[in-house]
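Here's the letter readout for the chains.
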Amino acid sequence: RAAVLADVAALKQRAVWHAHPEMPVTTSDPTACARNYFDRASAPEQESLEEAEYRAAVLADAAALKERAVWHAHPEMPVTTSDPTACARNYFTRYSA
């Protein structure tokens, strides 16, 4: 009976360890040491030249798609152009048919 109660107590202790990982770990061995890989500052991630070019292309495509979505969602916005020779005729507001 004592062995069963000891096993139950050990299982309860391990269940508490797993249920509460935030609790500090205590040890009686003064030579025990470990490195915490979760709190240390990691090296910054580096991307290759191909990944950087791909990222730039994807972001440029996304910006162009956003611009065209705004054009279609807001047709009332004025059209701007940098070409001084560009001209157009508005057939919807002219008086003669």
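See the structure printed just above.
Quick summary incoming for the structure in this document. (Residues numbered from 1 in each chain as written. Predicted model: local features only at pLDDT ≥ 70, side-chain atom pairs only at ≥ 80, totals over all residues. Heavy atoms only, no water.)

**Observations concerning the pattern of salt bridges**
Okay, step 1: Overall, the coordinates contain two salt bridges when judged by the stated rule.
Okay, step 2: Taking the shortest distance from any N to any O, the salt bridge between R55 and E47 comes out at 3.1 Å.
Okay, step 3: Judged by its relative accessible area of 49%, R55 falls in the partly exposed class. (Salt bridge = Lys/Arg side-chain N within 4 Å of Asp/Glu carboxyl O. Buried < 20%, exposed > 50% of the residue type's maximum accessible area, 1.4 Å probe, protein only.)

**Concerning the environment of D83**
Okay, step 1: Secondary-structure assignment places D83 in the segment after α2 (49–73).
Okay, step 2: It is 23 Å that separates the C-alpha atoms of D83 and T93, two residues lying ten residues apart in sequence. (Helix = DSSP H or I, 4+ residues; strand = E, 2+ residues; numbered from the N terminus.)

**Notes on a nonpolar patch on the surface**
Okay, step 1: On the surface, a nonpolar cluster with roughly 290 Å² of combined accessible area is contributed by V16, W17 and M23.
Okay, step 2: Tracing the chain through its elements places V16 in helix α1 (residues 2–19). (Patch = residues over 30% accessible without salt bridge, like charges linked within 9 Å, V, L, I, M, F, W, Y side chains within 5 Å. Areas by Shrake-Rupley, 256 points an atom, 1.4 Å probe, with all protein chains shown as cover.)

That's the geometry; what it means functionally is another story.
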